Amino acid sequence: MRAEGGGVTDLVWVTCPWCFESVEMVVEADLAGEMVVDCEVCCRPWRVTVRRDRFGDPEVAVERND
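Residues numbered from 1 in each chain as written. Predicted model: local features only at pLDDT ≥ 70, side-chain atom pairs only at ≥ 80, totals over all residues. Heavy atoms only, no water.

**As for the side chain of Thr 49**
Considering the arrangement of structural elements, one finds Thr 49 in strand β5 (residues 45–52). With near-sequence residues (within four places) excluded, Thr 49 lies in contact with Gly 33, Glu 34, Glu 59, Val 60 and Ala 61. (Helix = DSSP H or I, 4+ residues; strand = E, 2+ residues; numbered from the N terminus. Contact = heavy atoms within 4.5 Å.)

**Brief notes about the nonpolar core**
Val 12, Val 14, Cys 16, Trp 18, Val 23, Met 25, Val 27, Cys 39, Trp 46, Val 48, Val 50 and Val 60 together form the largest nonpolar core, which totals 12 residues. For this core, the secondary-structure elements that each account for two or more residues are β2 (9–15), β3 (22–28) and β5. Other than its neighbours up to four places away in sequence, Val 27 contacts Thr 9, Asp 10, Val 12, Val 50, Arg 52 and Val 60. (Core = buried A, V, L, I, M, F, W, Y, C linked by side-chain atoms within 4.5 Å. Buried < 20%, exposed > 50% of the residue type's maximum accessible area, 1.4 Å probe, protein only.)

**Focus on the sheet that holds strand β6 (residues 58–64)**
Spatial strand order, β4-β5-β6: three strands in an open sheet with antiparallel pairing. A single partner strand is all that each edge strand has here, and the edge strands are β4 (33–38) and β6. Adjacent strand axes in the sheet meet at a mean angle of 25 degrees when their direction is disregarded. (Pairing = 2+ DSSP bridges. Axes fitted to C-alpha atoms, helices over the stretch in contact; angles between N-to-C directions.)

Interpretation in functional terms is not warranted from these geometric data alone.
In structure tokens form, the structure reads like this:
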């Protein structure tokens, strides 16, 4: 996972827990918490957890949403 930015949006690379493809996600600067997102490649659902470190940079975790 790689984050860039720190401005209005952050670009984060995540790996789909179903098909293992790397996918770029756009994370809004004020976004934090959990959400369900479908993979752009295989269309299966992920549970995405977004936390912010003390500098406001995103920490994103992705897992299967069975």
